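# Structural overview for review
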Amino acid sequence: MNAHVKLLALLFLSALVFGIVNPLNSTSPNGSISEVLPDASTPEEHQSLLAQVNMSNILEHLRFFSTLGSRVVGYSGYWTASNHISDFFARYLTNVSFHEFKMPVPIDHGASLTTVLPVKETFAIYPVWPNLVCPSTIPPGGIDGELVYGGDGSLEMMNGTKIAGSVVLLDFNDNEQWVYAMELGAKAVVFIEPKFTTFVEAERKYLPHIPYNFPRFYIHASDANRLLFLLKDGGVQVHLEADVTWEIVNGRNVIGFLRGTDYPDRYIMVSSQYDSWSVVPSVSPGAEEACGISVLLELARLFSKNPPKYSMVFVAFSGTHEGLSGAREFVWDYLDWFKTRRIILQVDIALSTGTDMFFMDYGDSLMYGWTPSQNMDPLKTYVDSLAKEIGSIPGDTYGKYQFWSVGRPALDKERIRGQLSSCEVLGYLNGPVFRFATLMDSRIFVSTPLDTFISLEARVGNLGSLSKWAYIILHEISSLSYSDLVGRYLSLFAAFPIEDNMAFNLRGTVAIFNITTAWYTPVPNTLVAIVGTRMSTSFLSYANENGMYSIRMIAGASGGGRSWASMTPDASDVDVSPYIVDNETGNVLYAPERGRLAYYRYPVRQVNRDMGFNVIFKCATVFIPSFVDPETLIVPNIEGQLSRWVSIIDQNSNTHTESWGSPTATLAVPVLDNKFLVFVPANKPVSLLLQAIYANRLPLAIALNSSELNLGGEGYSFKEGKKHVFSFLPLTLAKEL
């Protein structure tokens, strides 16, 4: 090769590297889509295809799913929804099947509030989501008390009202002030259905990482109005009953296949969630959450009429809010399909109705905390170019396609509310994924009982525009040749294959320490909480009748152009916390052992995936809702450091107790705002030593249960399975002085 040829080659390569010549960004003089984009349809073909999108079908699906009461896994509406999807798939797809997986779910078997005086009337109430593992259940025989109204739950509103021993009726929008009623000794709280609320308020009705049992319920506004009317004359006595139990449920993903015309052995996976979640699990209409599955069903119909070059696998996922259980199990069972690139791409439909702004991203993760790989940039550039051409076609309304520059893994996160997505799992493995979402839509009713069809009916027209974008983009991608789609636009993934060690079983045995044998005895049928440093990674699993658990986990790719993740193949920040919960009371009977008898130490190292024994011990629960420095009344919290903790002291020996526990192995995790929880040995007098990092040598305070007759204190002795709340900590400590 002569010098001139070498120089020309060098200049051309430099132009490619520095973006001077970029075939993905170039445009033809006439702007013809056929010259810019390979195998693209003409504007006339686009019009013909888009005319087939039937918004009436989408609305019919949306109405159906949102009127099932609840699509939380294990509830009746969930089974109805999965059967509906299966039947619909069977009309247009082949090899339709259920892909099953097991998971623990709090099942509401019914709850009621009955007024005993002045008249006897019974009202339906609905349990709120558990505080980690403690469900809103009531022991057999129910609870009795006076019904009082506490307004927004603030101390000002409840001033002068007898809260101790009462059942407190509260406004739903109370900004988590229901905790005050609990501190003041209420037996239960009942939230009134609001006219308007947001997911922020809904998510403040439970404590997702603090396993403290306190009954909380929801009542419809019409019933609450009747109770408020009765309260005008005072003296309303009520009786509450509720039965909520943890059950191991067979969850379902629904799968259907469509054979491609040119590449039948290569699949594009099109997915969406079909389950719902609400802070009130039995009142979970999930209309906004049903938008994705409603569009997916229409896409299945459309592609069955216009077969793509590639085969397609349509997957309706569930277990979304329970650690992406359905998606994790699917990726595990079909891992070889992903490793061999039999499934070459996943497209997740996560549309909603808030705006008509169509947004395509790489499925940024809430579950795992990874930053999406930029290996999808070439395909995204192609889609951007395609969108520019489609947007110029007259005669139809597409809404707005949101562009962003290549190389940015996310677009101004405040402009799109984060949401769990099934594509996170494959994306975490550095697989080729992207998600269709709606920009600038906070989806304010998601996670609330108000996420009904009526709440979005005025905005539902946006979904028509968005579904057209989804169909036409997916149609064009599935029309590309294999050399273009895989060899050109997905080529960066070839250098970083999915490896076997990225999917692993986290195994172990839940046990107690047997003092007779001086070894560990397995304990059957426990709940197992999987908790990460990123609080959003928490979810529940279970141990079987032999005390053994085996949890299918996903470890992210680690560098080399892959997705950086908080859980890598080298080490993890995962903690495994088993519990035994009393089905009748909802209280914790056995909690994770963090003391001398614990078998393993945090964190889990993924190179050693057998945890050995996860030890639990017989306990009582101590909750400090307001952990503040009693001198300054300020929460002792120093960012990035273990700022405060409680040591459990044996009152008789004045030494640390042999056993103690906390929701996670590092006490930095259960410290949320000013709340703190520890588990103490049952039936032994103990004192609590409260400490903070800025006063490490001297304690903030010592709770001794002292009195004038015993200044040294008797200590606190709690019965097995019982709970104790230190209400308004500074006041409690002051009484001991």
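Residues numbered from 1 in each chain as written. Predicted model: local features only at pLDDT ≥ 70, side-chain atom pairs only at ≥ 80, totals over all residues. Heavy atoms only, no water.

### Some points on the overall build of the protein chain
Here is the rule we go by: Runs of E in the DSSP output that reach at least two residues are strands. Runs of H or I that reach at least four are helices, and both are numbered from the N terminus. Using a 1.4 Å probe on the protein chains alone, a residue whose accessible area is under 20% of its type maximum counts as buried, one over 50% counts as exposed, and one in between counts as partly exposed. Whether two residues are in contact is decided by their heavy atoms: any pair within 4.5 Å suffices. What sets the accessible areas is the Shrake-Rupley method with a 1.4 Å probe; for residues, cover comes only from the shown protein chains.
From N to C terminus, the protein chain includes 18 helices and 28 strands. Relative to its 737 residues, the protein chain shows a buried fraction of 60%. Expressed as a percentage of contacts within the protein chain between residues at least 6 apart in sequence, the contacts between residues at least 24 apart total 78%. Approximately 28,800 Å² of the protein chain is accessible, and the part contributed by carbon and sulfur atoms is 53%.

### Concerning the packing of aromatic side chains
Rule in force here: Side-chain rings of Phe, Tyr and Trp, where Trp is taken by its six-membered ring, are said to pair if the distance between their centres is within 6.5 Å; with planes under 30 degrees apart they count as stacked, over 60 as edge-to-face, and otherwise as tilted. Look at NZ for Lys and CZ for Arg. If either is within 6 Å of the ring centre and within 35 degrees of the ring normal, a charge sits over the ring.
One pass over the structure, following the stated rule, counts 38 aromatic pairs. Seen in terms of ring centroids, Tyr78 and Trp79 are 4.9 Å apart; in terms of plane orientation they differ by 70°. Their pairing is edge-to-face. Of the residues examined, Tyr78 reaches a relative accessible area of 0% and is grouped as buried. With a centroid separation of 5.4 Å and 15° between ring planes, the pair formed by Tyr78 and Tyr274 is classed as stacked. Within this pair, whereas Tyr78 is found in helix H5 (residues 76-92), its partner Tyr274 is found in the loop between strand E9 (263-273) and helix H10 (291-305), the two being separated by 196 residues in sequence. When its relative accessible area of 0% is taken as the criterion, Tyr274 is described as buried. Sitting over the ring of Phe98, Arg252 keeps its end group 4.0 Å from the ring centre. The aromatic ring of Phe539 is capped on one face by Arg328, whose charged end is 4.4 Å from the ring centroid.

### A short note on the sheet that holds strand E27 (residues 701-703)
The criterion, for reference: Strand pairing is assigned whenever DSSP identifies at least 2 bridges connecting the two strands.
Reading across the sheet, the four strands line up as E24-E23-E26-E27 and stay open at both edges, with antiparallel pairing between neighbours. The open sheet has two edge strands with one neighbour each: strand E24 (655-656) and E27. In terms of strand pairing, strand E23 (residues 644-650) meets E24 through two bridges, oriented antiparallel. Along E24, the bridge assignment pairs Asp650 with Thr655.

### Considering the layout of surface pockets
Which entries qualify depends on this criterion: Here a cavity denotes grid points, spaced 1 Å and computed from the protein atoms alone, that fit a 1.4 Å probe unable to get out, and a pocket denotes an open set having protein on both sides within 12 Å along at least 5 of 7 lines; residues with an atom within 4 Å of a point are the lining. Grid points are joined across faces, edges and corners, and a volume is the space filled by probe spheres set on the points.
Computed from the structure, the second largest pocket encloses a volume of approximately 420 Å³. In this structure, the second largest pocket is lined by 16 residues; those nearest its centre are Phe513, Leu597, Phe617, Glu658 and Ser659. If you list the elements that add at least two residues to the lining of the second largest pocket, you get strand E15 (503-514) and strand E22 (610-624). For the lining of the second largest pocket, the leading source of residues is E22, giving four residues.

### A few points about the pattern of salt bridges
The criterion, for reference: Any carboxyl oxygen of Asp or Glu within 4 Å of a side-chain nitrogen of Lys or Arg constitutes a salt bridge here.
Counted according to the given criterion, the structure contains 14 salt bridges. When the shortest N-O distance is used, the salt bridge between Arg226 and Glu121 registers 2.5 Å. Of the two residues, Arg226 is situated in helix H9 (residues 221-231) and Glu121 in strand E2 (residues 121-124); the sequence distance between them amounts to 105 residues. Here Arg226 falls in the partly exposed class, since its relative accessible area comes to 29%. Several salt bridges share partner residues, and in doing so they unite Asp174, Glu201 and Lys205 into one network.

### Side note on unusual backbone geometry
Glycine aside, residues mostly have negative phi, and peptide bonds are mostly found in the trans state. Between Leu117 and Pro118 the backbone carries a cis peptide bond, its omega angle lying at 5°. Within the secondary structure, Pro118 is located in the loop between strand E1 (94-117) and E2. Although it is not a glycine, Asn430 adopts a positive phi angle of roughly 65°. Following the sequence through the fold, Asn430 ends up in the loop between helix H14 (423-428) and strand E14 (433-438). Overall, the relative accessible area of 1% leaves Asn430 in the buried class.

### So, helix H17 (residues 482-489)
Under the convention used in this document: Directions are taken from the helix axis to each C-beta atom, and the arc is the one they span.
Within the span of H17, buried status applies to Asp484, Leu485, Val486 and Tyr489. Down the axis of H17, the buried set is contained in an arc of 165°. They therefore lie on one face. Turned more than 90 degrees away from the buried face of H17 sit Ser483 and Gly487, all of them exposed.

### Examining the packing of helix H4 (residues 55-66) against H5
How two helices pack is summed up by the angle between their axes together with the distance between the axes. The criterion, for reference: Here the axes come from fitting lines to C-alpha atoms, over the contacting stretch only for helices, and the angles between their N-to-C directions go from 0 to 180 degrees. Here the word oblique covers every angle except those under 35 degrees (roughly parallel), over 145 (roughly antiparallel) and from 65 to 115 (roughly perpendicular). Handedness of a helix crossing follows the sense of rotation of the near helix relative to the far helix, less than a right angle counterclockwise being left-handed and clockwise being right-handed.
H5 packs onto H4 with a crossing angle of 155° between their chain directions and a minimal axis gap of 10 Å. As the angle between them shows, H4 and H5 are arranged roughly antiparallel. For the pair H4 and H5, the sense of crossing is right-handed. Two secondary-structure elements touch here, H4 through His61, Phe64 and Phe65 and H5 through Thr80, Ala81, His84, Ile85 and Phe88.

### Re the side chain of His239
Counted only if it meets this: We call two N or O atoms a polar contact when they sit within 3.5 Å, provided that within protein one can donate a hydrogen and the other can accept it, with sequence-adjacent residues counted only if both atoms are side-chain atoms.
Structurally, His239 can be placed in strand E8 (residues 237-258). Using a relative accessible area of 16% as the deciding quantity, one classes His239 as buried. In terms of polar contacts, His239 uses its side chain to reach the side chain of Asp144, at 2.8 Å.

### Re the side chain of Ser284
Assignment of secondary structure puts Ser284 in the loop between E9 and H10. Aside from chain neighbours lying at most four places away, what touches Ser284 is Gly69, Ser70, Arg71, Val72, Ser276, Trp277 and Ser278.

### A look at the state of the cysteines
Two cysteines joined by a covalent bond between their sulfur atoms form a disulfide. How we decide: Working definition: a disulfide is two cysteine sulfur atoms within 2.5 Å of each other.
All told, the structure shown has zero disulfides when counted by the stated rule. Take Cys134: it sits in no disulfide, and the sulfur closest to it among the cysteines is that of Cys619, at 9.5 Å. On the basis of relative accessible area, Cys134 is assigned to the buried category, the value being 1%.

Function-wise, these values are silent; they only describe arrangement.
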